[in-house]
Amino acid sequence: MPIACVVYICELKTSPESSSFSHELANLFRFSRAYNKAHNITSALFVNDGTCIQFAEGETPNLNQLMANNSADSRQRNLRIVYSGQLKSRIFPEWNLKLLARGSKEYDVAMAQLERIHPECFAEVLHQSKPSNINDKTQTRTPTPKSYFTSNIGLNAWPKASQISLDRPGMRLCSLLIGQGVVFDELVKRNIYPSNRQLIQALSQLDALNLLKVEHLSTDELDNSLSQPNPPPKRTLSFAQALRDFIRLKAVKLW
Amino acid sequence: MVAGVQTSADNTYKKLVVAGQIGSGKTQLVNTLSQISPLASEPRSSIDIGKDLATVGIDYGRLMVTENVALGLYGLPGQDRFSFLWDMINQCPWGVLILVKLSKDIDINWLKRLLIVFHSKNQNAPFVMAITHAEKASTEAIDEAQKKIGDVLSDLQIDAPILLIDPRSLSSCLLVLEVFLDLNTDTE
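First things first, this report covers the structure right here in the doc. (Residues numbered from 1 in each chain as written. Chains lettered and ligands numbered in written order. Predicted model: local features only at pLDDT ≥ 70, side-chain atom pairs only at ≥ 80, totals over all residues. Heavy atoms only, no water.)

**A look at helix α1 (residues 26–33) of chain B**
Residues three or four positions apart in an α-helix share a direction because the helix packs 3.6 residues into each turn. All names here are of chain B. What counts here: When a residue's accessible area, from a 1.4 Å probe over protein chains only, is under 20% of the maximum for its type it is buried; when over 50% it is exposed; and in between it is partly exposed. Secondary structure follows DSSP: runs of H or I at least 4 residues long count as helices, runs of E at least 2 residues long count as strands, and numbering of each begins at the N terminus. For this analysis, residues touch if any pair of their heavy atoms sits within 4.5 Å.
The buried fraction of α1 amounts to six of the eight residues, a majority that puts the element mostly inside the structure. Lys26, Thr27, Leu29, Val30, Thr32 and Leu33 are the residues of α1 that are buried. Against β2 (12–20), β3 (59–64), β4 (69–75), β5 (95–101) and α5 (170–183) lie the buried residues of α1.

What follows is the structure, given as structure tokens:
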């Protein structure tokens, strides 16, 4: 049976601002990958600030059912197909579902393939995936903040005072990132910033100074990092929680 | 002499070690955070070190977080001749805070010795470096100090933040505690 290909774009219902965004994204990956495997569909997925772009290939009936399922999936909104056609052979035969991170080798390969089979579709996808500020010619790199969601984030070096003046949240953030780094979800849990947007802005500032090291995680790695079992509830207040509460009370009086 | 963590069914006690050069602000930081009078003895030093007083012995303070939860604050003497006291305190601390007074002549060798002693025995405890007396310093001076400290940390393969704090400020001292909370992986 000939191989068909479809490229579609949709918006995720859960806002990237939500603390559960990464967790829901991981659940979607897990479900989609299992479905694709069961229906001989191979696919690559790109996520950009709540927008999903998926390249899927397989037998036409299976792809049709996939699109029908996605259209009915309440987690995905404003779904629109930007390309559908026939292929001589699969482009991504090894991937039931591969998460593409902008700047990764796999992303470049996928984009090159897409440009080859349909330049207009490639242009559309690039437009959808473009970060809000691109300026490759400046000395400080303009990063893609949305890739933080699926990454392990660390700090190459402590920021110099001449580079950036760290405020209180900034010092806490950098303290966490120095060393092996943490996943984005863990940073959100620490409540260092009032909103995810402010956290992303802070990360972007560090990234623009070439201080950030961002290691994109595979879907398996992302699953593992997000599926840590919750610790059993404690009967007594832990030292950490007691001290946090104490500091919060003192902070209210100070500020 | 000093236990690391004492926990009974109802009480929890953890220890924060504060070490640093002469005049870096250890005594001040312990004073700021303690809710009880610190048991610091401050006799006049027999050696002229440019200060009226020098700290001898151990600065001790205690932060009563709740009636059953406390954080002990142990300020270690800065002079090398009291380094034998480091081992007495260096047992399972909750965290190690090293204060470095901003100056052109930061004693890198002393800093390295201190880090080697503490880090070799407490590889699971988080370390935080904090530069003091930087309120009126230029960014260039701060950069230089941070670089020197960063180079020492890098040589010893220690990951630690390098904060700027004012030990007189409760807000600044509370930030230090928040950073230790963030870095501690235990949940007890």
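**A look at the sheet that holds strand β2 (residues 42–48) of chain A**
All names here are of chain A. The condition that has to hold: When DSSP finds two or more bridges between a pair of strands, those strands are recorded as paired. Between N-to-C directions, angles cover 0 to 180 degrees, with each direction set by a line fitted to C-alpha atoms, over the stretch in contact for helices.
The strand order across the open sheet formed by five strands is β4-β1-β3-β2-β5, and the pairing between neighbours is mixed. If you trace the sheet from one side to the other, it starts and ends with β4 (76–87) and β5 (98–100), each paired once. Sheet twist, expressed as the average angle between the axes of neighbouring strands with direction ignored, equals 20°. Contacting β1 (3–12), β3 (51–58) and β4, helix α2 (residues 60–72) crosses the sheet at an angle of about 10° to β1.

**Describing the nonpolar core**
Rules: Residues grouped as a nonpolar core are buried Ala, Val, Leu, Ile, Met, Phe, Trp, Tyr and Cys residues, joined through side-chain atoms within 4.5 Å.
In this structure, Leu177, Leu203 and Leu243 of chain A together with Met129 and Leu177 of chain B are the most contacted members of the largest nonpolar core, which totals 82 residues. The element best represented in this core is α5 of chain B, accounting for eight residues. Those residues within four positions of Leu203 of chain A in sequence are excluded, and the remaining contacts are Tyr148, Ile153, Leu173, Leu177, Phe184, Leu187 and Leu212 of chain A.

**Some points on the pairing of β3 of chain A**
Residue and element names in this part refer to chain A. Within β3, eight of the eight residues are buried, leaving the element largely enclosed by the surrounding structure. Judged by which residues are buried, β3 turns out to be covered on both faces: Thr51, Ile53, Phe55 and Glu57 on one side and Cys52, Gln54, Ala56 and Gly58 on the other are all buried. For β1 and β3, the ladder comprises eight bridges, and the chain directions are antiparallel. Within the sheet, the bridge partner assigned to Glu11 lies in β3 and is Thr51. Of the strand pairs in this sheet, β2 and β3 are connected by seven bridges, and their pairing is antiparallel. Bridge pairing links Leu45 to Gln54 in β3.

**A word on the interface of chain A and chain B**
Short version of the rule: Summed over both partners, the accessible surface that disappears when two parts come together, traced with a 1.4 Å probe, is what is meant by buried area. We define a salt bridge as a side-chain nitrogen of Lys or Arg found within 4 Å of a carboxyl oxygen belonging to Asp or Glu.
Opposite the 26 residues of chain A that make contact, chain B presents 33 residues. Ranking the residues of chain A by area buried against chain B places Arg168, Phe239 and Phe246 of chain A at the top, with a combined share of 24%. Summed over the shared surface of chain A and chain B, the result is five salt bridges. Note that Arg244 of chain A is salt-bridged to Asp182 of chain B, the shortest N-O span being 3.5 Å.

**Here we look at the packing of α1 of chain B against α5 of chain B**
Residues and elements named next belong to chain B. Operational definition: Every angle not falling under 35 degrees, over 145, or within 65 to 115 is termed oblique; those three ranges are roughly parallel, roughly antiparallel and roughly perpendicular. Charged means Asp, Glu, Lys or Arg here, nonpolar means Ala, Val, Leu, Ile, Met, Phe, Trp, Tyr, Cys or Pro, and polar covers whatever is left, Gly included.
Following both chains from N to C, one finds α1 and α5 inclined at 90°, their axes separated by 10 Å at the closest point. By the angle class used here, α1 and α5 are roughly perpendicular. On α5, the residues touching Leu29, Thr32 and Leu33 of α1 are Leu170, Cys173, Leu174 and Leu177. Grouping the constituent residues of the contact of α1 with α5 by class yields six nonpolar, one polar and no charged.

**Side note on the environment of Glu186 of chain A**
Residues and elements named next belong to chain A. Considering the arrangement of structural elements, one finds Glu186 in helix α6 (residues 184–189). A residue is classified by how much of its surface remains accessible, and Glu186, at 27% relative accessible area, is partly exposed. Considering only alpha carbons, one finds Glu186 and Leu176, 10 residues apart in sequence, at a separation of 9.9 Å.

**Things to note about unusual backbone geometry**
Residues and elements named next belong to chain A. Positive phi values are uncommon outside glycine, yet Asn191 reaches one of about 55°. Mapped onto the elements of the fold, Asn191 is located in the loop between α6 and α7 (196–208). For Asn210, which is not glycine, the phi torsion reads 60° and is therefore positive. By relative accessible area, Asn210 is classed as partly exposed at 41%.

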